[in-house]
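One-letter residues, chain by chain:
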Amino acid sequence: MTDIQAVSLFHMYGVISLIAFVLYIPRLLYYVSGFKKPEHLINRVQNRFAVLIPARDESAGIGLLLDSLARQSYDRKKFDTFVIVDSEDDPTCTIAEKYEGTYVQIVKNQTCKGMALDGSLKELLSGSHGSYDAYIIIDGDNIASDNFIEEMNNALASDAQIVLGKREVKNYLLGGKKLRSLATNCSALTYTFLDKMGNAFRAKAGVPCTMCGTGVMVRRDVIEEIGGWPYRSFTEDLEMTINAILNGWSSCFYEYAVVYTEEALSHKALDRRRERWLIGYMQIAFKYRNTIAKQTYASLRDRSLSFVQKIRGIRVRNFDFLYGFGPLFLFFGNTAVCFVLYMIASAVDYFKCGFINFTALKYGMIIMLILYGVLVFYTFIALIIDPKALKITFGEKLAVLLYNPFFIAEYAYFYVAAFFTLLRNPHYGEGAAWRQIERIETVMKEAE
């Protein structure tokens, strides 16, 4: 590679990166919304809730969740708790039976969270425990804030059919540095990326929020419409998001309803979870993308409409799902391709001609530094947009700022790995048994 070719490639990289940035500008509005304090709703009507807890083999940590539900500021007679297991022999049953208003549901042969929820909801829809206005889903390893259900009731005043609470990290709530690591702290930022830098804007713009499987409330009319919980993928919460788009269900992010979710301590455990997320994401994207695209542009195929009506009929709110990641893929793909070309050229020049091509190496390093700088800035925005999300020292936040770009960059590997996994087996993971992970309560007991 000559110096002119190296400079030309860098110019091409700059042009494509600029295009990616221009396309990404609308997404910057999401970040602005995250800085604004949302309206605190007050609901004068006390609704009745069913709190569903998928809790197979969760005896190590479910006591903390049930304790938190027992402390709720909301009228205890206005909500029932359902702990879902797959066997009467699960030690979780004995723990759950000690709490007022808490019932154990046995859903046998469950291989995923979706099956547990489906079995539970079908039973409740039959009226076995009366009628509920909404259903709240909380993972068995979570802790609910003392006013969580009260705030979820307030959120119903928004008329949203699906409400997402705010996720914070349980590790910070329970103890000191022994319950967190650098990887834990980086992973904790995921909730800021999804909620404050994403769902906060979506809720205001009427765009379907990106669901999360815990701390979410679904109104009765939605559950009756789908007849339970028909989702079975690795990312059943994302599949619920897709159904919200297709069925026109309204959703909102309500940050006053807080649940504390657990983060793994080891990088390896977090990698396994991210791998499952990416496989699930791609499965859902492959399954539904064409359907959403057809819905988005259905007006263009309607011959009864005028040209203006066809354009106005395009469902712009679906663009978030269809094209939200497009500018990012363009930027990261452009960076990766150009970097690889520079490195290949350097290797060829060295082994074929016997000299080190410093120009190619220089530009290769420059574009990687640009990528690193962009990810540092992205991390910085997350740290200041929700400064209390990571309850760690200033030194630890500085470490997160510098290391998180590498943590994010690992998603590129998981994305490629997921693509080839599904290329070999499009039904990968279907029917696979749950994989239990070590709970931080176990770590706490071992440390005592």
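Please read all numbers here as calculations on a predicted model, not as lab measurements.

Assignment of secondary structure puts I381 in helix α14 (residues 358-385). When its relative accessible area of 12% is taken as the criterion, I381 is described as buried. Sequence-wise, I381 and D57 are 324 residues apart; in three dimensions their C-alpha atoms are separated by 38 Å.

Formed by 40 residues in total, the largest nonpolar core has its most connected members in Y172, L189, F193, M197, Y342, L390 and V400. When residues in this core are grouped by element, the largest group, 10 residues, is from α14. With 33 residues, the next largest nonpolar core counts L41, I136, I149 and Y254 among its residues.

With that settled, consider the pattern of salt bridges. Across all of its chains, the model carries 22 salt bridges by this definition. One salt bridge connects D118 with K122, and the closest N-O pair in it is separated by 2.8 Å. In this pair, D118 and K122 are both assigned in helix α4 (residues 113-125), four residues apart and thus about one turn of the helix distant. With a shortest N-O distance of 2.8 Å, R273 and E263 are connected by a salt bridge. Residue R273 is located in helix α10 (residues 267-296), and its partner E263 is located in the loop between β8 (251-261) and α10; the two are separated by 10 residues in the primary sequence. Residue classification places R273 among the partly exposed positions, given a relative accessible area of 22%. A relative accessible area of 0% means that E263 is categorised as buried. One salt-bridge network, held together by shared partners, links K166, E168, D386 and K391.

One can describe the packing of α14 onto helix α15 (residues 394-424) by two numbers: an axis separation of 8 Å at closest approach and a directional angle of 130°. Overall, the two elements α14 and α15 adopt an arrangement that is oblique. Taken as a pair, α14 and α15 cross one another with a handedness that is right-handed. The residues of α15 that touch α14, namely those facing Y372, L375, V376, Y378, T379, F380 and L383, are K397, V400, L401, L402, N404, P405, F406 and I408.

If you trace the backbone, S187 turns up in helix α7 (residues 182-205). For the pair S187 and L341, spaced 154 residues apart in sequence, the C-alpha separation works out to 31 Å. Beyond its immediate stretch of four places on either side in the chain, S187 contacts E263, L270, R273 and F407. Of note is the side chain of S187, whose polar atom sits 2.8 Å from the side chain of R273.

Calculation notes
- Residues numbered from 1 in each chain as written.
- Predicted model: local features only at pLDDT ≥ 70, side-chain atom pairs only at ≥ 80, totals over all residues.
- Heavy atoms only, no water.
- Helix = DSSP H or I, 4+ residues; strand = E, 2+ residues; numbered from the N terminus.
- Buried < 20%, exposed > 50% of the residue type's maximum accessible area, 1.4 Å probe, protein only.
- Core = buried A, V, L, I, M, F, W, Y, C linked by side-chain atoms within 4.5 Å.
- Salt bridge = Lys/Arg side-chain N within 4 Å of Asp/Glu carboxyl O.
- Axes fitted to C-alpha atoms, helices over the stretch in contact; angles between N-to-C directions.
- Parallel < 35°, antiparallel > 145°, perpendicular 65-115°, else oblique.
- Left-handed = near helix turned anticlockwise from the far one by under 90°.
- Contact = heavy atoms within 4.5 Å.
- Polar contact = N/O pair within 3.5 Å; in protein donor to acceptor, adjacent residues only side chain to side chain.

Honestly, it's all geometry; don't read function into it.
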